[in-house]
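Survey of secondary and tertiary structure
Chain residues, written in single-letter form:
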Amino acid sequence: MPAHESHPEIELLNEMQRFLQAAVHDLRAAQRRTGTAAELLLQAGGDEERGALAAQLLQGLSKTEELLTSIGLYAIALTPGSYSIHVFPSISAVRFALANLDREIRETGATIAVGDLPEITGDRNRLAELFEHLIGNALKFRGPYPPAVEITARRVTEGWLFSVKDNGIGIAPKYRDRLFIPFRRLHGTEVPGAGLGLAISKKIVDAHRGHIWIEDGEPSGVTLSFILPAPDGD
């Protein structure tokens, strides 16, 4: 079950969620108006430089939309009280994540190996989002070879220990303490994304009374591990 914070902590999280969602709503409204103006400018034709500037503006708005979507997901992940908790097979969350990433998997030639996964207690939608972020990172931060991702789980005292292992470019030890901080991008703007995927992942795992970390001592690639609760009596 999600953690039961004290009343002031719940109110603070709810207030932060409301603030972020209202900000995203208002920014999207301004973004739509700006986008409409840029499209009209582009369609008007004429000066080549004006058209190029309009195209750049539309490209910037597309990146802004990606950022606003990530902030909206972060806001949802913040409040455990909004999670729908039940027992379900974790493979269903993985399958949903893989379906959402189908285009990226095909474009990168990735192989995804999924082991025997257990039933868990949690919010299926949020946990599908968690797997999507972790697998998506493996596809983004790939090395010279097609991505190879392995998803496994095993029983431990605290619950079920999941691992998502890849063969990508890896992360230097000195950067690992920054992984779960919002907007901390380790590879600059050359890799697409808003820098919120792992921050959202941590919030989701925290809400399930679990914890997430990067494994030490990996010779190559990255292994992200997290623990989720087992169903009562398991």
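Here the structure is a predicted model, which is why all the values come from computation and not from measurement. (Residues numbered from 1 in each chain as written. Predicted model: local features only at pLDDT ≥ 70, side-chain atom pairs only at ≥ 80, totals over all residues. Heavy atoms only, no water.)

Some remarks on the confidence of the model for the protein
- Of all residues in the protein, 65% attain a pLDDT of 70 or more, and the chain-wide mean is 79.
- Within the protein, no element has a lower average pLDDT than helix H1 (residues 7-44), which sits at 64, and none a higher one than strand S2 (residues 111-114), at 98.
- For residues 1-5, every residue scores under 50 in pLDDT, and the model assigns this stretch 20 contacts once sequence neighbours within four places are set aside. (pLDDT = per-residue confidence, 0-100. Helix = DSSP H or I, 4+ residues; strand = E, 2+ residues; numbered from the N terminus. Contact = heavy atoms within 4.5 Å.)

Points about the packing of aromatic side chains
- Counting across every chain of the model gives 3 aromatic pairs.
- Taken together through their ring pairs, the aromatic side chains of Phe 131, Phe 162 and Phe 226 make up a single cluster.
- The ring of Trp 160 has Arg 155 sitting right over it, with the charged end atom 5.9 Å from the ring centre. (Phe/Tyr/Trp six-rings, centres within 6.5 Å; stacked < 30°, edge-to-face > 60°. Lys NZ or Arg CZ within 6 Å of the ring centre and 35° of its normal.)

Quick word on the nonpolar core
- If you look at the biggest cluster of nonpolar residues, it comprises 42 residues, and the most contacted ones within it are Leu 127, Leu 130, Phe 131, Leu 134, Ile 151, Phe 162 and Phe 226.
- Elements with a contribution of two residues or more to this core: helix H3 (90-100), helix H5 (124-140), strand S4 (148-156), strand S5 (159-165), helix H6 (197-207), strand S6 (211-214) and strand S7 (223-228).
- With 8 residues, the top contributor of residues to this core is H5.
- Residue contacts for Phe 162: discarding those within four places in its chain leaves Ser 90, Leu 117, Pro 118, Ile 120, Phe 131, Thr 152, Ala 153, Leu 224, Ser 225, Phe 226 and Leu 228. (Core = buried A, V, L, I, M, F, W, Y, C linked by side-chain atoms within 4.5 Å. Buried < 20%, exposed > 50% of the residue type's maximum accessible area, 1.4 Å probe, protein only.)

Some thoughts on the pattern of salt bridges
- This structure, assessed with the given rule, holds 5 salt bridges.
- Across the salt bridge formed by Lys 202 and Asp 206, the nearest N and O atoms sit 2.8 Å from each other. Of this pair, Lys 202 and Asp 206 both sit in helix H6, 4 residues apart, which is roughly one turn of that helix.
- We classify Asp 206 as partly exposed; its relative accessible area is 29%.
- Shared partners join several salt bridges into a network, and the residues in it are Arg 103, Glu 104 and Glu 107. (Salt bridge = Lys/Arg side-chain N within 4 Å of Asp/Glu carboxyl O.)

Examining the packing of H3 against H5
- Across the interface, H3 lies against H5 with an axial gap of 8 Å and an inter-helix angle of 55°. Here H5 runs oblique to H3, going by the angle between their axes. The handedness of the crossing between H3 and H5 comes out as right-handed. Taken together, the residues of H5 that come into contact with H3 (itself represented by Ser 92, Ala 93, Val 94, Phe 96, Ala 97, Leu 98 and Asn 100) are Arg 124, Leu 127, Ala 128, Phe 131, Glu 132 and Ile 135.
- Residue classes in the contact of H3 with H5 are distributed as 9 nonpolar, 2 polar and 2 charged. (Axes fitted to C-alpha atoms, helices over the stretch in contact; angles between N-to-C directions. Parallel < 35°, antiparallel > 145°, perpendicular 65-115°, else oblique. Left-handed = near helix turned anticlockwise from the far one by under 90°. Nonpolar A, V, L, I, M, F, W, Y, C, P; charged D, E, K, R; others polar.)

Brief notes about the environment of Ala 172
- By secondary structure assignment, the location of Ala 172 is in the loop between S5 and H6.
- Expressed as a C-alpha distance, the spacing of Ala 172 and Val 222, which sit 50 residues apart in the sequence, is 10.0 Å.

Re the environment of Gly 143
- In this fold, Gly 143 is placed in the loop between H5 and S4.
- Along the sequence, Gly 143 and Gly 221 sit 78 residues apart, while their C-alpha atoms lie 8.4 Å from each other.
- Non-local contacts of Gly 143, meaning those with residues more than four positions away in its chain, are made with Gly 168 and Ile 169.

A look at the sheet that holds S7
- What the 5 strands build is an open sheet, ordered S2-S4-S5-S7-S6; its pairing is mixed. Of all strands in the sheet, those bounded by a partner on one side alone are S2 and S6. Between one strand axis and the next, the sheet turns through 15° on average, direction left out of account.
- Relative to the sheet, H5 contacts S2, S4, S5, S6 and S7, its axis offset from that of S7 by approximately 170°. (Pairing = 2+ DSSP bridges.)

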